[in-house]
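Next come the chains, spelled out residue by residue.
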Amino acid sequence: MKFPLILITLLMGCVTLLSVIFTHPKAHSTSSMPTAQAVIELNMSPEKFTTVNQVDLKHGIDLQPVGLDFYSVDWPSTARGQVFLEHGPYSFAFPNTLGVTGTYDRSIPKKGLYVFHINGGMATQSDIYHDEARLRFLEFLAMLKQKGWRTFINLEDPRLPTHQALHYALQGDNILYSLPIDAEIDLNTWMQIKANDWRMYAGDAILKIGFRRDTSRLDLDKPSAYLFSYEIYNRQQLIMNQLSSEERKNAAQIWPERKLELEEKRLQKEALLELQGYHIDRSYIGPELNLKPSLD
């Protein structure tokens, strides 16, 4: 008698299991592959980058004869990954990325990978409605601000409050002016942004963000293609970017004077803008830009 009862119990269990599977397809299909992720950290060694990220040594390393090498992790556009920036309390992940490339100078090995370039988007696919791209990007900026990232204004550029900074940046001649991280950008303003970028800082890191949209598809009721680009480097590299290749050889002597020149340009611009009705945000605090001893 026990055997028939056991058999009946097993059959009822199978029926129940099949019922769960076929009547709850969503629950059955929730298991998916985890998002691929690369981890980066400014000045990390190439060895650490390749090990942590399991870099394809054949396709992920580009050794150049001029001395600059490039280490990369890439994903297909149909299966995008994410890049996690390890930066203490300011750490965060770039979503929906196509890949990341770090630059290494063999002549200065102690610098490690000193600049990273990342490409990606605000969605898992290239096409996205303009307003959706705007809203997702503003959420991304809000996350960065909450983490402690702050707008960086070039030394030679005027210190303007958020609403005036946005207006100033969108004027034709001011395309290199940093868009403020906390600006409220409506759809009309969003569509005016072309080659502008956002620059911000946290700790020793500088982050530059820009995007390109498909200019042949500007209909607000239809999707378009967006590609976001990110560049990350530290304060020392920011200083070097202000100098020519020849000047970098004597950066310790040239930078202090160059810094004063740039700050003087800022004051001159601010004086002219005040005459035009702009307000100057003298409470703005930027990162300290002092040259450290060479890593040679």
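Read on for a plain summary of the structure. Residue positions are given per chain, counting from 1 as you read along its sequence in written order. Per-residue local features of the predicted model are confined to residues with pLDDT of at least 70, and side-chain atom pairs are confined, for both listing and counting, to 80 or more; whole-chain, interface and lining totals are unaffected and use all residues. Neither water nor hydrogens contribute to the side-chain values; these are computed over all heavy atoms in the structure.

This part covers the overall build of the protein chain. Scanning the protein chain from N- to C-terminus turns up eight helices and eleven strands. Considering the protein chain as a whole, with its 296 residues, one finds that 41% of them fall into the buried category. The contact definition used throughout considers only heavy atoms, calling two residues in contact when any of these lie within 4.5 Å. In the protein chain, the share of contacts with a sequence separation of at least 24, taken over all contacts with a separation of at least 6, comes to 61%. Note on areas: Shrake-Rupley with a 1.4 Å probe; residue coverage comes only from the protein chains shown. Split by element, the accessible area of the protein chain, about 17,200 Å² in all, is 57% carbon and sulfur. Numbering of helices and strands runs from the N terminus, with a helix taken as a DSSP run of H or I at least four residues long and a strand as a DSSP run of E at least two residues long. Note on exposure labels: buried denotes an accessible area under 20% of the residue type's maximum, exposed denotes more than 50%, and partly exposed covers the range between, all computed with a 1.4 Å probe on protein chains only.

Residues Gly-81, Val-83 and Leu-85 of strand 4 (residues 81–85) are buried on one face, while the alternating residues Gln-82 and Phe-84, pointing to the opposite face, are not. Should DSSP find at least two bridges between two strands, the strands are regarded as paired. Bridge count between strand 1 (residues 37–40) and strand 4: four bridges; the pairing is parallel. Opposite Ile-40, over in strand 4, you have Leu-85 as the bridge partner. Pairing geometry for strand 4 and strand 5 (residues 92–105), over four bridges, is antiparallel. What sits directly across from Phe-84, in strand 5, is Ala-93. Hairpin geometry of strand 4 and strand 5 is characterised by an intervening segment of six residues between the two adjacent antiparallel strands and by a positive phi of about 60° at Gly-88.

Judged by nonpolar contacts, the single largest core of 70 residues is most densely connected at Trp-190 and Trp-198. In contact with Trp-198, not counting residues within four places along its chain, are Phe-137, Leu-141, Leu-179, Pro-180, Ile-181, Ile-185, Trp-190, Ile-193, Leu-207, Lys-208, Ile-209 and Phe-211. In plain words, nonpolar cores are sets of buried Ala, Val, Leu, Ile, Met, Phe, Trp, Tyr and Cys residues tied together by side-chain atoms within 4.5 Å.

Pairing of aromatic side chains requires ring centres within 6.5 Å, counting the rings of Phe and Tyr and the six-membered ring of Trp. Pairs whose planes differ by under 30 degrees are stacked, by over 60 edge-to-face, and all others tilted. One pass over the structure, following the stated rule, counts 21 aromatic pairs. Ring geometry for Phe-92 against Trp-149: centres 5.8 Å apart, planes inclined by 85°, an arrangement best described as edge-to-face. Of this pair, Phe-92 sits in strand 5 while Trp-149 sits in the loop between helix 4 (130–147) and strand 8 (150–151); the two residues are 57 residues apart in sequence, bridging distant segments of the chain. Trp-149 carries the same exposure label as Phe-92, and that label is buried. Connected via pairs of aromatic rings, a cluster forms that spans Tyr-90, Phe-92, Phe-94, Phe-137, Phe-140, Trp-149, Trp-190, Trp-198, Phe-211, Tyr-226, Phe-228 and Tyr-230.

A separate point is the pairing of strand 3 (residues 68–74). Alignment of strand 2 (residues 61–63) against strand 3, held across three bridges, turns out to be antiparallel. Following the sheet pairing, Ile-61 is matched in strand 3 by Tyr-71. The turn linking strand 2 back onto strand 3 is made up of four residues, and Gly-67 within it adopts a positive phi angle of 110°. Across seven bridges, the pairing between strand 3 and strand 5 is antiparallel. When the sheet's bridge partners are listed, Asp-74 is paired in strand 5 with Gly-99.

The next thing to look at is the environment of Arg-248. With respect to the helices and strands, Arg-248 occurs in the loop between helix 7 (235–241) and helix 8 (251–275). In this structure Arg-248 comes out as partly exposed when scored by relative accessible area, which is 37%. Beyond its immediate stretch of four places on either side in the chain, Arg-248 contacts Met-240, Asn-241 and Leu-243. In this structure the side chain of Arg-248 is engaged in a polar contact, spanning 2.9 Å, whose partner is the backbone oxygen of Met-240. Counted as a polar contact is a pair of N or O atoms within 3.5 Å, where, for protein atoms, one must be capable of donating a hydrogen and the other of accepting one, and residues adjacent in sequence contribute only when both atoms are in side chains.

Another aspect to go through is the environment of Phe-92. Judged by its relative accessible area of 3%, Phe-92 falls in the buried class. Here the alpha-carbon distance between Phe-92 and Lys-147, two residues 55 residues apart in the chain, equals 8.1 Å. Setting aside residues no more than four positions away along its own chain, Phe-92 makes contact with Val-83, Phe-84, Leu-85, Phe-140, Met-143, Leu-144, Trp-149 and Leu-207.

Further remarks concern unusual backbone geometry. In this structure, Asn-43 is a non-glycine residue whose phi angle is positive, near 70°. Tracing the sequence through the fold places Asn-43 in the loop between strand 1 and helix 3 (46–52). With a relative accessible area of 30%, Asn-43 lands in the partly exposed category. At Gln-54, a position not held by glycine, the phi torsion is positive, near 50°.

This next bit is on empty space enclosed by the protein. Cavities and pockets are found on a 1 Å grid laid over the protein atoms alone: a cavity is a set of points where a 1.4 Å probe fits but cannot escape, a pocket is an open set with protein on both sides within 12 Å along at least five of seven lines, and a lining residue has an atom within 4 Å of such a point. Grid points are joined across faces, edges and corners, and a volume is the space filled by probe spheres set on the points. Summed over the entire model, instances satisfying the criterion amount to two cavities of 30 Å³ or more. Taken as a whole, the largest cavity holds about 50 Å³ of empty space. In terms of lining, the largest cavity is formed by Phe-152, Asn-154, Leu-155, Glu-156, Leu-238, Gln-242, Trp-255, Leu-262 and Leu-289. Only Asp, Glu, Lys and Arg are considered charged, only Ala, Val, Leu, Ile, Met, Phe, Trp, Tyr, Cys and Pro nonpolar, and every remaining residue, Gly among them, polar. Here the lining of the largest cavity is built from residues that sort into six nonpolar, two polar and one charged. Taken as a whole, the second largest cavity holds about 30 Å³ of empty space. Taken together, Arg-80, Gly-121, Met-122, Ala-123, Gln-125, Ser-126, Ile-128, Tyr-226 and Phe-228 make up the lining of the second largest cavity. Here the lining of the second largest cavity is built from residues that sort into five nonpolar, three polar and one charged.

So, to be careful, I would describe these as geometric facts and stop short of saying anything about function.
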